[in-house]
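Examining the three-dimensional arrangement
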Amino acid sequence: MFGSLLTAMVTVFHDDGSVDLEATGHLAEQLVDDGCDGLVVCGTTGEYSTMTDQENLSVFRAVKDAVGGRVPLLAGTGSNDTEHSRFLCLEAQKIGMDGLLIVTPYYNKPSQAGVEAHFRSLADSVDTPVMVYDIPGRSGIPIEPETMISLASHPNIVAVKDAKADFMAAARVMAETDLLFYSGDDGLTLPWIALGASGLVGVTTHIDTPRYRQLVDASLAGDLETAQRLNEELLPLVRATMTRIPGAVAAKTILHWQGRLPNNTVRLPHVTPTQAELEQIRSDLSTSVIADTLTT
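The model shown is predicted, which means the values in this text are computed figures rather than measured ones.

Considering the nonpolar core
With 95 residues, the main nonpolar core has Leu 39, Phe 60, Val 63, Phe 181, Ile 254 and Leu 285 as its most contacted residues. Here Leu 285 is in contact with Pro 236, Leu 237, Ala 240, Ile 254, Trp 257, Ile 290, Ala 291 and Leu 294, once residues within four sequence places are set aside.

Considering the pattern of salt bridges
By the definition in use, this model includes 17 salt bridges. Of the charged contacts, one joins Glu 116 and Arg 120 as a salt bridge, the two residues approaching to 2.9 Å between their closest N and O atoms. Of this pair, Glu 116 and Arg 120 both sit in helix H4 (residues 112-125), separated by 4 residues, roughly a single helical turn.

Comments concerning the UniProt feature "site: Part of a proton relay during catalysis" (unreviewed entry) in the protein
Annotation from UniProt places "site: Part of a proton relay during catalysis" (unreviewed entry) at Thr 44 and Tyr 107. Along the chain, Thr 44 falls in the loop between strand E2 (38-41) and helix H2 (53-67). For Thr 44, a relative accessible area of 29% corresponds to the partly exposed category. Residues in contact with Thr 44, not counting those within four places in the same chain, are Tyr 133 and Arg 138. Of note, Tyr 107 is situated in the loop between strand E4 (99-103) and H4.

A look at the packing of helix H9 (residues 209-221) against helix H10 (residues 224-242)
Contact geometry for H9 and H10: axes closest at 9 Å, N-to-C directions at 145°. At the point where H9 passes H10, the crossing takes the left-handed sense. Together, Arg 211, Tyr 212, Gln 214, Leu 215, Ala 218 and Ser 219 of H9 and Thr 226, Ala 227, Leu 230, Asn 231, Glu 233, Leu 234 and Val 238 of H10 make up the contact between the two elements. For the contact of H9 with H10, a count of residues per class yields 7 nonpolar, 4 polar and 2 charged.

Some words on the sheet that holds strand E7 (residues 180-183)
Sheet strands pair by backbone hydrogen bonding; their relative direction is either parallel or antiparallel. Strand order around the closed barrel formed by 8 strands is E1-E2-E3-E4-E5-E6-E7-E8, with parallel pairing between neighbours. Averaged over all adjacent pairs, the angle separating strand axes in this sheet is 25°, with direction ignored. Summarising the sheet, strand E5 (residues 130-134) and strand E6 (residues 157-162) pair through 5 bridges and their orientation is parallel. Residue Asp 134 lies in a different strand from E6, and its bridge partner there is Asp 162. Together, strand E1 (5-8) and strand E8 (199-202) form the strand contacts of H9, whose direction differs from that of E1 by roughly 140°.

A few points about the UniProt feature "active site" (unreviewed entry) in the protein
Residues given the UniProt feature "active site" (unreviewed entry) here are Tyr 133 and Lys 161. Spanning 29 residues, the named residues nonetheless gather at one spot, since no C-alpha pair among them exceeds 4.8 Å. You can see Tyr 133 is positioned in strand E5. Taking relative accessible area as the criterion, Tyr 133 reaches 6% and is therefore assigned buried. Leave out the neighbours within four places in its chain, and Tyr 133 touches Thr 44, Leu 101, Ile 102, Val 103, Thr 104, Ile 143, Lys 161 and Ala 163. Residues in contact with Lys 161, not counting those within four places in the same chain, are Ala 8, Leu 101, Met 131, Val 132, Tyr 133, Asp 134, Tyr 182, Gly 184 and Val 201.

Here's the deal with the state of the cysteines
Within the structure shown, the criterion is met by 0 disulfides. Unpaired in this structure, Cys 36 has its nearest cysteine sulfur neighbour in Cys 42, at a distance of 16 Å. Given the relative accessible area of 3%, Cys 36 is considered buried.

Some remarks on the environment of Thr 11
In this fold, Thr 11 is placed in the loop between E1 and helix H1 (21-34). Here Thr 11 is in contact with Val 19, Thr 24, Cys 42, Thr 45, Gly 46, Glu 47, Met 51, Val 59 and Lys 252, once residues within four sequence places are set aside. There is a polar contact of 2.8 Å between the side chain of Thr 11 and the backbone oxygen of Gly 46.

Conventions used here
- All residue numbers refer to positions counted from 1 along the written sequence of the respective chain.
- Given that the model is predicted, a residue must reach a pLDDT of at least 70 before its local features are reported, and side-chain atom pairs must reach 80 or more before they are shown or counted; all residues, however, enter totals for whole chains, interfaces and linings.
- Working from all heavy atoms in the structure, the side-chain values ignore hydrogens and water.
- Residue types Ala, Val, Leu, Ile, Met, Phe, Trp, Tyr and Cys, when buried and joined through side-chain atoms within 4.5 Å, form a set referred to as a nonpolar core.
- Throughout, exposure labels follow a simple rule: accessible area from a 1.4 Å probe, protein chains only, divided by the maximum for the residue type, with under 20% read as buried, over 50% as exposed, and the rest as partly exposed.
- The contact criterion used is simple: two residues touch if any of their non-hydrogen atoms lie within 4.5 Å.
- The term salt bridge refers to a pairing of a side-chain nitrogen on Lys or Arg with a carboxyl oxygen on Asp or Glu at a separation within 4 Å.
- Under the scheme used here, helices are H or I runs from DSSP no shorter than 4 residues and strands are E runs no shorter than 2 residues, and both carry numbers assigned from the N terminus.
- UniProt positions are given in the numbering used here, feature names are shortened, and annotations may be inferred rather than shown by experiment.
- Axes here refer to lines fitted to C-alpha atoms; in helices the fit is confined to the stretch in contact. Angles between the N-to-C directions go from 0 to 180 degrees.
- Each crossing gets its handedness from the near helix: less than a right angle anticlockwise from the far helix is left-handed, clockwise is right-handed.
- Following the grouping adopted for this structure description, the nonpolar residues are Ala, Val, Leu, Ile, Met, Phe, Trp, Tyr, Cys and Pro, the charged ones are Asp, Glu, Lys and Arg, and the polar ones are all others, Gly among them.
- Two strands pair if DSSP finds at least two bridges between them.
- Cysteine sulfur atoms that come within 2.5 Å of each other are treated as a disulfide pair.
- Here a polar contact is recorded for every N or O atom pair within 3.5 Å, except that within protein the pair must consist of a potential hydrogen donor and a potential acceptor, and residues adjacent in sequence are included only if both atoms are side-chain atoms.

This is the structure we're talking about:
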């Protein structure tokens, strides 16, 4: 439904911090050309929480104009305010996005009954299929297996982006539901697919999309030898992008070094990397498979 290799896109900004719709659309085209068969727009990596509603909607439109019809597009429409999220869901549906990525309500820390009511209320409001985003490291709470199994009965809730790496819980949900699972941890793509996941929603996928395409394809085909080799080759990229500083900051920096973004501008509370952080990223990438693509 949503593809098997999705990139959670960065949103490109001008040097002054305003949204660069042209460059964002161009990046979407590059990602699809290089092997992504789905994109997430204005998710966490897209810095949606620092953008106004109108800015988010403008990015939905820009990416749809660039690659709509070529691949499924999921709009990040989550919020800890159910009514705010409903507004974004309905607007994304009007624009014609193919799916909605909705994160667990963060900061509020509702009960599991509240979590379920939040997702059901939003799914009731739209016809567009929903991918639930389970990331307790950011939301503060997990979605428990019993809650996920109950949510699976809703016809519009069809998929999960899992970033909590609880393989036992996921295995149970997969066994008892028809939900499509996607790895939300770039470095765990191979074990997730081995467990039965449908693919990856990644950030490091910005940096070497073709190799991630090969990894996902080999994993889904059961070609373990090839998948293990590719996984090892990609590990330095995961370290550089996902373990030092926020993924959006690192990904923009590396893409800028590759000459694929005009800058590495981020919005507060993100800041660009310190000199020490830049050196760490360079060290991670120095012997990686993309070392020769970097201009700095």
